Amino acid sequence: PLNLVLFVGSVALGVGLLWNYSCRNQKKESLKPIESTTLENAKRAADLGMRQIESNNFKEGVFNLSQALSLYHEEYGSTPHPNIVTTLINLGCGYVDLKEFQNALSPLEEALSMQKALTGEEATPFLAGIYHNLGDAQIGLKRYDEGIQ
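Let me begin by describing the structure that accompanies this report. (Residues numbered from 1 in each chain as written. Predicted model: local features only at pLDDT ≥ 70, side-chain atom pairs only at ≥ 80, totals over all residues. Heavy atoms only, no water.)

### Concerning helix H2 (residues 58–76)
Helix length check: H2 (19 residues) gives 26 Å between terminal C-alpha atoms against 27 Å at 1.5 Å per residue, within 8%. Buried within H2 are the following residues: Phe58, Gly61, Val62, Asn64, Leu65, Ala68, Leu69 and Tyr72. The arc that holds every buried residue of H2, seen down its axis, measures 165°, which confines them to one face. In H2, those exposed residues whose orientation departs by more than 90 degrees from the buried face are Lys59 and Glu74. On its buried face, H2 is in contact with helix H1 (38–54) and helix H3 (82–97). Positive phi appears at glycine 77, one or two residues downstream of H2, with a value of about 65°. (Helix = DSSP H or I, 4+ residues; strand = E, 2+ residues; numbered from the N terminus. Expected span 1.5 Å × (residues − 1). Buried < 20%, exposed > 50% of the residue type's maximum accessible area, 1.4 Å probe, protein only. Arc of directions from axis to C-beta. Contact = heavy atoms within 4.5 Å.)

### Digging into the packing of aromatic side chains
The full count for this structure, using the stated rule, is one aromatic pair. Centre to centre, the rings of tyrosine 72 and tyrosine 76 are 6.1 Å apart; their planes meet at 20°, and the pair counts as stacked. Here tyrosine 72 and its partner tyrosine 76 are both found in helix H2, four residues apart, which amounts to about one turn of the helix. (Phe/Tyr/Trp six-rings, centres within 6.5 Å; stacked < 30°, edge-to-face > 60°.)

If you want it as structure tokens, here you go:
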């Protein structure tokens, strides 16, 4: 299983937790449309996507994380934000779980770029987690030299 990086609010900027997910047999859920803000809907979709990935419902998880990402971009535009970074990382991990390694690269590379814009080049556990997940995608594509860099 992949290590997922969770980001706990902007207070913990760049600290992140590496989370080895192994939850099983959770109920299948779907988003219920309710009156709320774009940001609330984005967080709800991201949380649902993560629960689905944790219970090995990778396609549903990727779908909901993609929805969350769209909503976060609607809210924040192209401005780097920790919620966007976290969602990009988790989306990339979902694609790796689906063995869609090529699809995983773009969100992971965007997460790396955005995280560096937020915190700089300084090595952190959060940044290391992004590199780790990028390496998993590269190795899945049999790009071994790129995967171990």
